[in-house]
Amino acid sequence: MHYDSLAQLWTAIIAKLGTGALIALSASIHVSPLGARQTARVTPAVALSDGVQLPALSSAPPLASSASNPNQDGSTTASLPEFGLELDLRGMSGMQRDTEYESPASPVIFKGDIFGSEVRIRVDLSERQGDWPSEPEDVADFKSPITLDSLMRAWKAGSFQKTTKKKSRRSKKKSADPGPMPAAYLHPGPYGYVPYAAIRSSRLELNSQTTISTLIATCILEKHVLVVDVECLPEASPALVSAVRDFLENGIRYEGPKRNWEWTDEEADLRWRREVTEDVRDEREKLIRTEHFIILTNSSGGKLFAKKMEECYDEIQEVYPFDEVPERKLMPVFIFQNPDEYHAFLAKNLGWSLTDAAQTAGVAYGDVYVSVYKSPQDPVHIHEATHQIFKNRLRLGGGGSWFQEGVAELMSTRENERRAYAKGRAKKNRQTPFDQFFTLPSLIRADPNNTSGDSGAHNAYLQAASIIDFVRQSRFSKERFQLFIHAIGIVPRSDLASIQESLQRVFEVDIQGFEEEWVKYWK
């Protein structure tokens, strides 16, 4: 069926799907047990999930408070003074307010025909629940999840090659040429309490005749969430995409309070006192802030550890690049002076027994990495820092235990150890078959070919690392390594059908063909 307008299209979608929507929040707990070899830290993942409804706006602004004014180029500027917001539809002449469909939760809607498409811009506001959502991506992951299609389009357009690694997040300098539009990116600017927005683009083929483009910016205000959603029917032309991108990057302006991305002393102290046990509550050393981390510790070795965490950050970003954005919230790291304090922390915050906690050397979950002070050279730190960065910077929590542990083990193991393991297995075809390996919920006791009497986890983790290493180094796959990381990182954990689809789209092989290429490389 062909739809003549966005109004017809969305009426049909709502009639079919309904208006309710849930956010699927997922978090992974990554654990580094004691007793593993220094070069292969075993880190099982436990997936947690919950359904949370986006909160409705309980105290909506009266429509009379919003105002629109024409610009010299024929475009429109709208103001929402209650929220400190101004929307400037720069370069999009012909867009007009659509008061018929405006509501308290959607106080501004624009529509118009520009660049050959019918365009509808909807501004949605929802209340935050305390500090949640805390990041624009928390909302973007719900409103406009990244898809394999959008990744493939961005790859073909060359946007993966535009990633900048070393630009300081304090730098506000903008490139004159933004390059191809990525599937998803963060853009700095006066967007709200958090001074950057998550911007995403996608297209939806409803049938052979109907394709729509959606570009969306999600922003975090002090007490509210702002979503600016631009829908284009038919699919947006390059000129329209450029105009909408300019609007989303430069036409949303906020004046109001901004969060302290470096954490106030009071905020950090509250976090420490709330999460540690009573016996160490008053023992915290002076806070240590680095470029990307805030160290909360009762150990005198905090400065050396902080320096090592920054080194880990640089190494991880070199292998798994991501853009730096000014004023990103520092990632918290808890380091305890002795193991008992660390074990007690895990028992209090994760509900573990002290016996289970005592089997671990480090844990990454939520926004935090927790460990006990040991040599800064211990590979557990870069392993767990990889988990922390994949969750809080790359936002790639999918694929499964094999993928999450593989990307971390690549950083914490030696190349010759990975090679020795993989060559020995590939020559005798003794690896765990990939269609089994990819579905394992945890790599603990995961190696059916192990005959040594132990758990086999060491070998399983090396197999996971060797898969990531193979994709990064082999002629078959290395040109698409970053695409592979993102394509697998967004699929549901251990979803074999989705993993196979990603491999077919990225490398044009199925799981069996992918495993055969791994064997060829390591033989």
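What you see is a predicted model, and the numbers here were worked out from it, not measured in a lab.

Judged by nonpolar contacts, the single largest core of 70 residues is most densely connected at Tyr 320, Phe 438, Phe 484, Ile 485 and Phe 514. No other element matches helix H13 (residues 457–473), which puts nine residues into this core. In this structure Tyr 320 touches Thr 386, Phe 390, Leu 394, Val 407, Leu 410, Met 411, Ile 468, Phe 481, Gln 482 and Ile 485, once residues within four positions along its chain are discounted. Counting 36 residues, the second-largest nonpolar core is a separate cluster that includes Ile 199, Leu 215, Leu 226 and Val 230.

Looking now at the sheet that holds strand S7 (residues 108–114). Strands sit in the order S6-S7-S8-S12-S11-S10-S9 across an open sheet of seven strands; the sheet is antiparallel. In the strand order of this sheet, the two ends are held by strand S6 (96–97) and strand S9 (184–188), each with one partner. Relative to S7, S6 runs antiparallel, the two being bridged by two bridges. Residue pairing in the sheet places Arg 97 in a bridge with Phe 110 of S7. Sitting on the sheet, helix H4 (residues 238–250) touches S7, strand S8 (117–127), S9, strand S10 (196–207), strand S11 (210–220) and strand S12 (224–233), and the angle it makes with S12 is about 170°.

Right, let's talk about the pattern of salt bridges for a bit. A complete count under the given rule lists 27 salt bridges for this structure. With its nearest N and O atoms 3.7 Å apart, the salt bridge here joins Asp 88 to Arg 253. Pair noted here: Asp 88 is in strand S5 (residues 85–88) and Arg 253 is in strand S13 (residues 252–254), with a separation of 165 residues, a long-range link. By relative accessible area, Arg 253 is classed as partly exposed at 29%. Between Arg 419 and Glu 415 there is a salt bridge whose closest N-O contact spans 2.9 Å. With Arg 419 and Glu 415 both in helix H11 (residues 415–428), this residue pair falls four residues apart, about one helical turn. Residues participating in the shared-partner salt-bridge network are Glu 135, Glu 137, Arg 259 and Arg 328.

Cut-off values and rules
- Residues numbered from 1 in each chain as written.
- Predicted model: local features only at pLDDT ≥ 70, side-chain atom pairs only at ≥ 80, totals over all residues.
- Heavy atoms only, no water.
- Core = buried A, V, L, I, M, F, W, Y, C linked by side-chain atoms within 4.5 Å.
- Buried < 20%, exposed > 50% of the residue type's maximum accessible area, 1.4 Å probe, protein only.
- Helix = DSSP H or I, 4+ residues; strand = E, 2+ residues; numbered from the N terminus.
- Contact = heavy atoms within 4.5 Å.
- Pairing = 2+ DSSP bridges.
- Axes fitted to C-alpha atoms, helices over the stretch in contact; angles between N-to-C directions.
- Salt bridge = Lys/Arg side-chain N within 4 Å of Asp/Glu carboxyl O.

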